[in-house]
Every structure is written in structure tokens, then in C-alpha cells.
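# Inside the fold
Each chain is listed here by its residues.
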Amino acid sequence: MAGRINDDDVKAVRDAVPIDSVVSEYLQLRNAGGGNLKGLCPFHDEKSPSFQVSPSKGLFHCFGCQEGGDTIAFVMKIDHLSFSETVERLAAKAGITLRYEEGGYNPSHQRGERIRLIEAHQAAAEFYVRALESPEAEIGRTFLAERGFDQDAAAHFRVGYSPAGWDHLTRYLRGKGFSDKELITSGLSQDGRRGPIDRFRGRLMWPISDTAGDIVGFGARKLRDDDNGPKYLNTPETPIYKKSQVLYGIDLAKKDIAKASRAVVVEGYTDVMACHLAGVTTAIATCGTAFGNDHIKILRRLLMDNGSARVIFTFDGDAAGQKAALRAFEDDQKFAAETYIAIAPDGMDPCDLRLVKGDDSVRDLVEPRTPLFEFALRQIVGRYDLETPAGRAAALDEAAAVVAKIKTSSVQREVAVQLAGLVGILDQEFVVRRVAQLARWARDKGGDHGERGGRGGPQGARGPRGGAPQQAAPAPAFSGPALNLRSPAHRTERELLKLALQKPALVSPAFDAYGVDEFTAPPYAAVRQCIEEAGGAEQGVVDDRAYLGAVLDAAPDNTVRNLVTELAVEVFHGKSIDETYAGMHLVHVRLRAVDRRIADVQSSLARLGTNVAPQDLAAAQNEVWVLQQYAQTLRAHGAAAL
């Protein structure tokens, strides 16, 4: 049984590792005022930052999902580690030697699984790097040299070589104290007839690190013709390696991605190397899978979704590359960043381009030129004969269904207008209406666009005899006590929603960080949800008319739709509707939410009495303290503390 870590050592670890430096390994932080920092919460999806870090207090708290605590709590939550695993990891970072009580400490038996697996990967990476210098690895060094990578480049990216024998790495790691079970679990070894054997043999090896810089897997490239395996072989799914949640090169690129608000997504390990060596140090790549939701979440936290953020995808010009671009466009709207596509001349990837035309050509390639949506639509439209009415109609049907998936109505309209030009339809409003119609059908079917059903709409949109659409009765928009306009809380919430609908510039972007649960009146919570689905109050600053239309479109039924209309035209109670007035209501709504949360936690503790575990009691008391400090700051500094 593992010994208990000495309390003084835990405190030393907590004090030695600044919370902002740890959190910054996972997301971009910006000044939030009052000595605090803010960023997009890594524990839930949000468009505006409600996650705050206090370096002076060593604490974090998200006012959207209510996660909070110290450095140890943050690492435990984000990396799914136990308390002891987290302390050990942070202690290693700080160079602190831990003392254990209740018996002696045996590192080979008492360290947590994740720590052990990462240590095994680190040892394997060092083994592979040394093996690249061996005579056997000449074929690997030649492969790198032919692609323009010298010894320094290989060392920078920690490229290595796995010997061709059956169990060279397995025997090496056994000698380091790792058990056969750990080697199998890590994916570095696999079961053979007489025990574990190396998974990777006779291949060039790229270590794959997570955002924090820990090696969690490998990508292996085939070098010999007699190797019957796939061209690229990656680590299988393990407790520490999930291919949909890692990006190759993110450990090297994350600081520059955050600094430049720009990321370049390429297709392979050598492309990442070529880009970085050419000066494009924001390049990353997926690891044997399509670019998807979890990859977007990683980049969003680094880009902070500010208006100047850019994501540039580089895909081959072949059919597979075009398919990848269309898949990326499906997720395009999940970025607040603008997305572009870059395709090199003659279909060359960045590695080949650098080799043939030099570093300048790689830097020029990734300068944003073609928006991703434009490229995706051109690929669709290009499959049809636009010289005929039937061809134009078919092209419109397929492309409009794609545009209809864009949730933000103002963006949807803009792209629909451009689609009209691509197809060659002069009546732009006809195309806009067609896209909006498809979007409504999709919402009525619960977000499922179905199959393209020609001019009659998506399949299943009409009844069995071609009559009215068959729709389920809408779910109630909200439930709970009725509005009480004598309630100060309800009056303040109503006034804030009116500001968000009528004068969004006065409350944006702070309003968009407010959770639905900060509105205690269920009808107001429903309106807040509609604003969120319409892209937030920030969209109203860009185009207020389209914004209000989007909010109304997001309403689940006429009851909510009517309330939105009412709030959008109702006069304000104040005499001067300015930033001071808006700030006052923002602060009052937030303060009441904070006070409610404090009361809820204290009430829970009172009900539990002595039946609460010490660690839960400490966590609850810590949360109350953080919230009380925030409430005090709000009362002292007003809207400047938001």
C-alpha cells in the first residue's frame, strides 16, 4: 500500500508551483483585472471566458461550471489523476523530493499508473533517440536527410528509431523496473508467443506529447519493404493516449499559437517539422485520425476565440484532401476563429514544398487566402454542370444543406449570398430563404438534416400524404415559479436581458460569460439560452437586426418567442442608458448568483454536519472562500471586476 505523502511536502509543492504557469500549459490566459487572469474554461464549452485564475492566491474558479480549487485540484481534474499522482507530478516539476509516511517508499510500486506510463514513454523516447545513432538506423537517418532534416532537426523533435529485433525495448524497460503489465498497458509492448515483445520494430519514431509536454504515445513510420505493417503505426488507445485528444507538436507550438492567435493544421509529422524549421512555429497535426471536436477544444483554449484568431488547414489537393477539407468545414462553426485552407502548388505537402522550393515557400503557403467555407462550397458546386437549370438546382440543394448547418444567422446569411454567386443564381434572397428553410427543417427534426430530398426539402419533412409536416409537440420552454416583477432579482434580470437584446454593445462581451443558471426566473433563463444559441450578445454588435432574428429563431416555442419580442421593445427603467447603467445590472446579477452559490454550499455543509469527509469539507470551505473574495471584489470595483 502506498505511503501517505508528508503534509509539509504537499504544502511545499503547492507553494512552489505557480498556478498560472500550470494552467497556462492547457489554455491561454489574459489579464482580467485586479491581479487575476481569465481564459476559456477547460472543463466545459463556452464562448466567452468565465474561468479565472488568481496567481496571488494560488486559486482558480469558473463562474460558468463552478469548478474551482488550487493547483493540485486543477491538475487532478484536467488530467484525471489521483491526489498522490498529482503531488508526485508537480513535485518532479519543482524538483522537490517527497517524504512518505506509514512505511518506506518504493517508487516502482507506489507511483500512480499515469505517472508510471509516462515515465515508461520518456524512457522509451530516450532509448529510441540513442538507437537512431546506431549502424542499423542508417536507413532512418537517410530517410530524414532525403526530406531535408539534419541531425539537429531530429534532436529538436526527439525523433528516434526502434530496432528491428523482437524485444530490444521491452528488455531495456524491464531493466528499468517496469513490469510486463505496465509495458502492455502502455502500448509500448504487445503479447507475443513467449511473453511481451516490442510493438514498434525497425521504424522511425516520433514521440507524441500532450499539452503539458508529457510523452503519451508514438507515431512510427515504415522504412523497409519487407515490413508488412501499415505505412504509419501509432500507439493504440491506452489510459494516457486517446488519438482524438492529442495533436502532434502541440507541446512545441502552444505558446506561439497563443501569442499569435493563429494555428496551422497539417497532415503529418514531417509536415510539422518542415513548418517549424521554416519559421511556422504554430503548426500541429492530428495523429492518425480526422480533425474533430476534441482537437477544436484544445485549439480554442489556446486561441481564446478572439476576433483576430486564425486557423489555417493545409490539405493535399487530391480527393482525400478535399474530403478532409469538407469534414473540417462541418466543424468550422465551432471556432470563433476564422478558418482558411491552404493547398500548395502541384499538391505538394509542406515537407515536399520546403525541400523543393525552400523555407520561404512554406511561410507563403500558410498565409490565409481562401476561406474554408468558400473552398468547401466550391468543391460541392464544382461537381455539377452549372450551365443547365437542373445542374444549378442540384448544386444549390446540396450546398444549401451544408450552409444551413451554420448556427449564427448573420454568418449563415453572408455565406448564402456568396453561394448564390458561386452557383450563378441572381436572386440572392431566394438562396437565403432556401438556406433558412433547410435550417428550420433541421431544427424541427432535432438537428438532423436527413438526406437531401431535392426541391421538396429534406426527406421526412412532409407527412405521409404530402400534407403538413408531422411535428412532435414542442417541449415546454421553462418550468418553475412565475415571474414576480416585485422581486428585485427578477427586475434586474429583466433589465439585463433588455440590454442584451436592445443595446448589446453595452454588455458585450461580459454578458456572454453569464450562465443560464444566473437567471433565477425560468422564463428569463429560457431567453438567455436563446441568446446563447444565437451566438451571444457579441453577435448583436456586428448586426443587430440579424442578431434579433437569430434569437427569435432559437426560441423553442411561441411563449419564449413572445417574451423575446416583449423584451426587445420594452422601454428601460433608467434615465441614462449607458455603460454605468449596464455595468450596474451586470454586477447585480452576478453578485446574486455568487451569493446564492455561497448559501447553497454553506447550507449543504450545515445539513451534513459531522458526516462530511475532511477532503470534501476542505474543498467546500475553499470554494466559499474563493466566492467570498470574488463577491468582495465585485462590491468594491463594480463592473471592472467582471
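Every value quoted in this text rests on a predicted model; they were computed, and no experiment measured them.

### Description of the packing of aromatic side chains
- What the rule picks out here adds up to 16 aromatic pairs.
- Plain terms: the ring middles of Phe127 and Tyr128 are 5.9 Å apart, the flat faces sit at 65° to each other, and that makes the pair edge-to-face. Side by side, Phe127 and Tyr128 carry an identical accessibility label, which is buried.
- Ring geometry for Phe511 versus Tyr514: centroids 6.4 Å apart, planes at 10°, classification stacked. Judged on exposure class, the residue Phe511 and its partner Tyr514 are both buried.
- Here the aromatic residues Tyr26, Phe43, Phe51, Phe60 and Phe74 are joined through ring pairs into a cluster of three or more.

### A closer look at helix α27 (residues 579-608)
- Counted at 1.5 Å a residue, the expected span for α27 with its 30 residues is 44 Å, and the 43 Å between its end C-alpha atoms agrees.
- Taken from the residues just after α27, Gly609 is the one with a positive phi, measuring 60°.

### Focus on the sheet that holds strand β8 (residues 160-162)
- The antiparallel open sheet is built from four strands, whose spatial order is β8-β11-β12-β13. Whereas interior strands pair on both sides, the edge strands pair on one side only; in this sheet they are β8 and β13 (232-234). Between one strand axis and the next, the sheet turns through 35° on average, direction left out of account.
- Pairing analysis gives three bridges linking strand β12 (residues 215-222) to β13, with the strands arranged antiparallel.

### Observations regarding the environment of Pro42
- As for its placement among the helices and strands, Pro42 is situated in the loop between β3 (36-39) and β4 (51-54).
- Among the residues examined, Pro42 registers a relative accessible area of 15% and is labelled buried.
- Spatially, the C-alpha atoms of Pro42 and Tyr26 are 7.7 Å apart, while their sequence positions differ by 16 residues.
- Here Pro42 is in contact with Leu27, Phe51, Phe74, Ile78 and Arg301, once residues within four sequence places are set aside.

Rules behind the numbers
- All residue numbers here refer to positions counted from 1 along the written sequence of the relevant chain.
- Only residues with pLDDT of at least 70 get local features here, since the model is predicted, and only at 80 or more are side-chain atom pairs given and counted; chain-wide, interface and lining totals rely on the full set of residues.
- Side-chain numbers here rest on the full set of heavy atoms in the structure, without hydrogens or water.
- In this scheme Phe, Tyr and Trp rings, the latter by its six-membered ring, pair at centre separations within 6.5 Å, and the angle between planes marks the pair as stacked below 30 degrees, edge-to-face above 60, and tilted otherwise.
- Residue exposure (1.4 Å probe, protein chains only): buried if accessible area is under 20% of the type maximum, exposed if over 50%, otherwise partly exposed.
- Only DSSP runs of H or I covering at least 4 residues are called helices, and only runs of E covering at least 2 are called strands; the numbering of each starts at the N terminus.
- A helix's residues, less one, multiplied by 1.5 Å, set its expected span.
- DSSP-based pairing: two strands are paired if at least 2 bridges between them are found.
- Angles here are taken between N-to-C directions and fall from 0 to 180 degrees, while the axes themselves are lines fitted to C-alpha atoms, restricted in helices to the stretch in contact.
- Residue contacts follow a heavy-atom distance rule, with two residues in contact if any of their heavy atoms lie within 4.5 Å.

That is the geometry; function is a separate question.
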